[in-house]
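Remarks on the overall topology
Okay, here's what each chain looks like letter by letter:
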Amino acid sequence: MLKLEDSYRHKGQRRELVKLIRSKGIKDEAVLSAINTLPRHFFFDTALDSHAYEDKAFPIGEGQTISQPYTVAFQTELLQIKQGDKVLEIGTGSGYQGAILHLLGAEVHTIEYQKKLYDRTKKFLTKIGIPLNFYFGDGSQGMPAQAPFDKILVTAGAPIVPKPLLKQLKIGGILVIPVGDRKTQKMLRLTKKTATKIVQEEFDNFAFVPLLGQDGWK
Ligand code: SAM
């Protein structure tokens, strides 16, 4: 799969990162194992490579960020990914989160609103052999042509829960989305029990870049 260079040093740093994330409360062994497997430094410029295993978000250009590893683990754990799940990720960004979902056995569809990031990440993940389905457009409207999905993950902070996303979930499906103001958002998990019954759970606060688009920030 991966054609770039991993090293003992990076592997050691990854193990330490996983230890830290575990100590912060992540319990899902499959999620921890995916983080231990995927070289996060591949997603960084070589000059910034030393920051790849800090538990921090990091700029990836175009005013966007690669999410903090703990946040990636937290959102992924909430999704309860099963082998073969059809997952829509909104906010491709660096592609790291999408790659983690792929390692967990999901069929990943990912949409990005910034053309430069979309082009760059699609090219890069294809090069390192991670086969996601990439789309360019406004993910606040979901991806109706590919719906329904088992799981939907929003990796940008939304002002509301966009209705199209709930519509595009299967019965039994899960939507994980941070909702709040432009600076901080509460993590929500919405489970679609029936066509009309949605159960909402609330978790900690996080700080994401804003979700833009029709049902996002203007
Ligand atoms: N998942 C990413 C990763 O692993 O690197 C991190 C995503 S970053 C925190 C949020 C991303 O959402 C940015 O790349 C941003 O351009 C994108 N975004 C914002 N609004 C969007 C929208 N309406 N549709 C799709 N992507 C959007």
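Residues numbered from 1 in each chain as written. Predicted model: local features only at pLDDT ≥ 70, side-chain atom pairs only at ≥ 80, totals over all residues. Heavy atoms only, no water.

In the annotation of an unreviewed UniProt entry, the chain is listed under the name Protein-L-isoaspartate O-methyltransferase and assigned to Fontibacter flavus. You can read under Function (unreviewed entry) in the UniProt record for the chain the words "Catalyzes the methyl esterification of L-isoaspartyl residues in peptides and proteins that result from spontaneous decomposition of normal L-aspartyl and L-asparaginyl residues. It plays a role in the repair and/or degradation of damaged proteins." The UniProt entry for the chain carries the following text under Catalytic activity (unreviewed entry): "[protein]-L-isoaspartate + S-adenosyl-L-methionine = [protein]-L-isoaspartate alpha-methyl ester + S-adenosyl-L-homocysteine". (UniProt positions renumbered as here; feature names shortened; annotations may be inferred.)

We now examine the overall build of the chain. Along the backbone of the chain there are six helices and nine strands. Its C-alpha atoms give the chain a radius of gyration of 16 Å, within 12% of the compact-globule value 17 Å for 218 residues. Its C-alpha atoms put the chain at 50 × 35 × 35 Å along the principal axes. Considering the chain as a whole, with its 218 residues, one finds that 52% of them fall into the buried category. (Helix = DSSP H or I, 4+ residues; strand = E, 2+ residues; numbered from the N terminus. Rg over C-alpha atoms; globule rule 2.2 N^0.38 Å. Buried < 20%, exposed > 50% of the residue type's maximum accessible area, 1.4 Å probe, protein only.)

Next up on the list: the site of the ligand. Taken together, 28 residues lie near the ligand, and S94, E112, D138, G139 and L212 sit nearest. E89 has a polar side-chain atom sitting 2.9 Å from a nitrogen atom of the ligand. Within the contact set of the ligand, an oxygen atom lies 3.0 Å away from a backbone nitrogen or oxygen of Q97. Burial of the ligand by the protein amounts to 99% of the accessible area it has alone, namely 610 Å². At the level of secondary structure, the elements contributing two or more residues to the shell around the ligand comprise β2 (64-66), β3 (86-90), α4 (96-103) and β4 (107-112). By residue number, the principal contributor to the shell around the ligand is β2, which donates three residues. (Near = heavy atom within 4 Å. Polar contact = N/O pair within 3.5 Å; in protein donor to acceptor, adjacent residues only side chain to side chain. Areas by Shrake-Rupley, 256 points an atom, 1.4 Å probe, with all protein chains shown as cover.)

The buried fraction of helix α3 (residues 69-79) amounts to ten of the eleven residues, a majority that puts the element mostly inside the structure. Among all positions in α3, only P69, Y70, T71, V72, A73, F74, Q75, T76, L78 and L79 are buried. Backbone geometry just downstream of α3 places Q80 in the positive-phi region, at approximately 50 degrees.

Another aspect to go through is helix α5 (residues 115-127). Residues spaced three or four apart along an α-helix face the same direction, because each turn holds 3.6 residues. The terminal C-alpha atoms of α5 lie 18 Å apart, and with 13 residues this matches the ideal 18 Å at 1.5 Å per residue to within 8%. Burial in α5 covers these residues: L117, Y118, T121, F124 and L125. For α5, the arc enclosing every buried residue in end-on projection is 145 degrees, short of the 170-degree limit, so these residues lie on one face. Opposite the buried face of α5, by more than 90 degrees, sit the exposed residues K116, K123, T126 and K127. Each element contacted by the buried residues of α5 is listed here: β1 (58-61), β2, β4 and β5 (133-136). Where α5 terminates, the next one or two residues include G129, which has phi positive at roughly 80 degrees. (Expected span 1.5 Å × (residues − 1). Arc of directions from axis to C-beta. Contact = heavy atoms within 4.5 Å.)

The step from A147 to P148 runs through a cis peptide bond, and the omega angle for that step is 5 degrees. Take P148: it is sitting in the loop between β5 and β6 (149-154). For E62, which is not a glycine, the phi torsion comes out positive at approximately 55 degrees. With respect to the secondary-structure elements, E62 resides in the loop between β1 and β2. On the basis of relative accessible area, E62 is assigned to the partly exposed category, the value being 34%.

Moving on: the packing of aromatic side chains. What describes a pair of aromatic rings is the distance from one ring centre to the other and the angle between the planes of the rings. If you walk through the whole model with that rule in mind, you get nine aromatic pairs. Considering the side-chain rings of F43 and Y96, the 5.4 Å spacing of their centres and the 85 degrees angle between planes classify their relative orientation as edge-to-face. Linking F43 in the loop between α2 (29-37) and β1 with Y96 in helix α4, this pair joins segments that are 53 residues apart in sequence. Every member of this aromatic cluster is reached through a ring pair, and the members are Y70, F74, F203, F206 and F208. Sitting over the face of the ring of Y8, K11 holds its NZ or CZ atom 5.7 Å from the ring centroid. Geometry around F136 places K115 over its ring, the cationic atom sitting 5.8 Å from the centre. (Phe/Tyr/Trp six-rings, centres within 6.5 Å; stacked < 30°, edge-to-face > 60°. Lys NZ or Arg CZ within 6 Å of the ring centre and 35° of its normal.)

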